[in-house]
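Fold and contact review
The residues making up each chain are set out below.
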Amino acid sequence: MATGMAAAGSLARPALAATRWQFATPYQDTNFHTKNVRAFVEEIQKATNGELAIQLHTNQSLLPMPQIKRGVQSGQVQLGEILSSAYGNEDAFFEVDGIPLLAPSYEAAAKLQTLARPYIEARFQRSGLMTLYTVPWPPGGFYSNAPITSLDALKGSRFRTFNAMTNRFATLIQASPTLVQASEVPQAFATGVINGMVTSAATGVDTQAWDYCKVYTPVNFTYTNNLIFVSRRAFEALPAAQQAAVRDAATKAQARGLEMSRIAEKEAQDMLASRGIQVLAPSAALTEGLQKISATMTEEWVGRTGEDGKKLIDAYRAG
């Protein structure tokens, strides 16, 4: 009887998840990228009836962004999200979407990313990783405490950078490049570590830019991509049906994320204005200066990436 009761009790308990993954992401829960990631996770768990359970760690709570790629490679976590251009020190090809004004619209950015994806996938594959989807940030603009009518206004500024491309940009405009992660921006402005930056309106809202800046100048600086990826070993260990569920959820997340990015651009810019930040259209002189910088940085990037980079830029411009 006791054996029968034990058996009945075991049947009554829910089955344990066959597989449990850890997912490290760098942004706040309020950020649209994080909301999209959470929907991606929920869709996978629903499609697999909970047999693939994913624990999401947001806001760098498990790993800081510079360590996320290595964390997935080493098996510390199975899934990761990064700003791909932040890994340009590993391979300059990851920086292509960080070239200012190379892709000055969502349509152009989508085209560039589609053409670049096979090259990026090949590089991730060599590291034991597999790309799942990408989502662009809303385009960047300048944050400052005085209007920026030309790039001359940024000379000598302590300019926040977050990847190799923004570092190079700061150098070319004769500013002082200062690496600061998004979560540290308010403190960096408050203490004078930085007094200018270029980033999206969404990041401005996340960091409550109205507490430290007075002016936002949207210039469609870049549409840098967040890249969501998985350990190839972990993915290939899944049953075929679960692999299909992950791929399907990734396809949906990419389309949903693009739409969320477009919405976030307008909502965030409106929020900045509503909180007292002046949103100023870029002057002709500022746009002209940015285009010259873009040409220089594109040429430099092709020089660093060789034949692959030349093929990509030629294909992009051919369209």
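Up top you'll find the structure we're talking about.
Residues numbered from 1 in each chain as written. Predicted model: local features only at pLDDT ≥ 70, side-chain atom pairs only at ≥ 80, totals over all residues. Heavy atoms only, no water.

**Some thoughts on the overall build of the chain**
- Looking only at helices and strands, one finds ten helices and eleven strands in the chain.
- Relative to the compact-globule value of 20 Å for 319 residues, the chain shows a C-alpha radius of gyration of 22 Å, a close match.
- Each principal axis of the C-alpha atoms in the chain carries an extent, and together these give about 85 × 45 × 30 Å.
- A separation threshold of at least 6 residues defines the contact pool for the chain, and within that pool the share at least 24 residues apart is 76%.
- Looking at the chain as shown, the accessible area adds up to about 14400 Å², and 52% of this sits on carbon and sulfur atoms.
- For the chain, the separation between the mean place of its 29 positive charges and that of its 27 negative charges on side chains is 3 Å. (Helix = DSSP H or I, 4+ residues; strand = E, 2+ residues; numbered from the N terminus. Rg over C-alpha atoms; globule rule 2.2 N^0.38 Å. Contact = heavy atoms within 4.5 Å. Areas by Shrake-Rupley, 256 points an atom, 1.4 Å probe, with all protein chains shown as cover. Lys, Arg positive; Asp, Glu negative; His and termini not counted. Charge placed at Lys NZ, Arg CZ, Asp CG, Glu CD.)

**Quick look at the sheet that holds strand β8 (residues 196-200)**
- The strand order across the open sheet built from six strands is β7-β6-β8-β5-β9-β11, with neighbouring strands paired in mixed fashion. Looking at the sheet topology across the chains shown, the edges are occupied by β7 (176-179) and β11 (278-279).
- As paired strands, strand β5 (residues 140-144) and β8 are joined by four bridges and run antiparallel to one another. Looking at β8, one finds that Tyr143 is bridged to Met197.
- Seen against the sheet, helix α9 (residues 240-274) touches β5, β9 (215-218) and β11 and runs at an angle of roughly 155° to β9. (Pairing = 2+ DSSP bridges. Axes fitted to C-alpha atoms, helices over the stretch in contact; angles between N-to-C directions.)

**Notes on helix α2 (residues 32-47)**
- With 16 residues, α2 should reach 22 Å at 1.5 Å per residue; the first-to-last C-alpha distance of 22 Å fits that figure.
- Residues of α2 that are buried: Phe32, His33, Thr34, Asn36, Val37, Phe40, Val41 and Ile44.
- On the buried face of α2, the contacting elements are β1 (19-24), β2 (52-57), β3 (79-83), β4 (129-136), β10 (225-231) and α9.
- For α2, the N-terminal capping position is held by Asn31, with its side-chain oxygen 2.8 Å away from the main-chain nitrogen of His33.
- Downstream of α2 by a residue or two, Asn49 has a phi angle that is positive, lying close to 55°. (Expected span 1.5 Å × (residues − 1). Buried < 20%, exposed > 50% of the residue type's maximum accessible area, 1.4 Å probe, protein only. Polar contact = N/O pair within 3.5 Å; in protein donor to acceptor, adjacent residues only side chain to side chain.)

**Focus: the sheet that holds β3**
- Ordered by their spatial adjacency, five strands build an open sheet running β2-β1-β3-β10-β4, and the pairing between neighbours is mixed. Whereas interior strands pair on both sides, the edge strands pair on one side only; in this sheet they are β2 and β4. Within this sheet the neighbouring strands show an average axis-to-axis angle of 20°, counted without direction.
- Sheet topology note: the β3/β10 ladder contains five bridges and is antiparallel. Residue pairing for β10: Leu83 is matched across the bridge by Asn226.
- Contacts from helix α3 (residues 65-74) reach β1, β3, β4 and β10 within the one sheet, and its direction differs from that of β3 by about 145°.
- Sheet contacts for helix α4 (residues 106-126): β3, β4 and β10; angle to β4, the most-contacted strand, approximately 165°.

**Brief notes about the nonpolar core**
- Residues Phe40, Leu132, Phe142 and Phe169 are the most contacted members of the largest nonpolar core, which totals 77 residues.
- No other element matches helix α10 (residues 284-318), which puts eight residues into this core.
- In terms of nonpolar packing, the next biggest core, distinct from the first, is built from 16 residues, Tyr143, Met197, Cys213 and Tyr216 among them. (Core = buried A, V, L, I, M, F, W, Y, C linked by side-chain atoms within 4.5 Å.)

**Some thoughts on unusual backbone geometry**
- Backbone geometry at Gln174 places phi at a positive 65°, although glycine is not the residue there.
- Secondary-structure assignment places Gln174 in the loop between α5 (164-172) and β7.
- Positioned with a positive phi, Gln208 is a non-glycine residue whose angle comes to about 55°.
- Within the element layout of this structure, Gln208 appears in the loop between α7 (201-206) and β9.
- Taking the relative accessible area as the measure of exposure, Gln208 reaches 42% and is therefore partly exposed.

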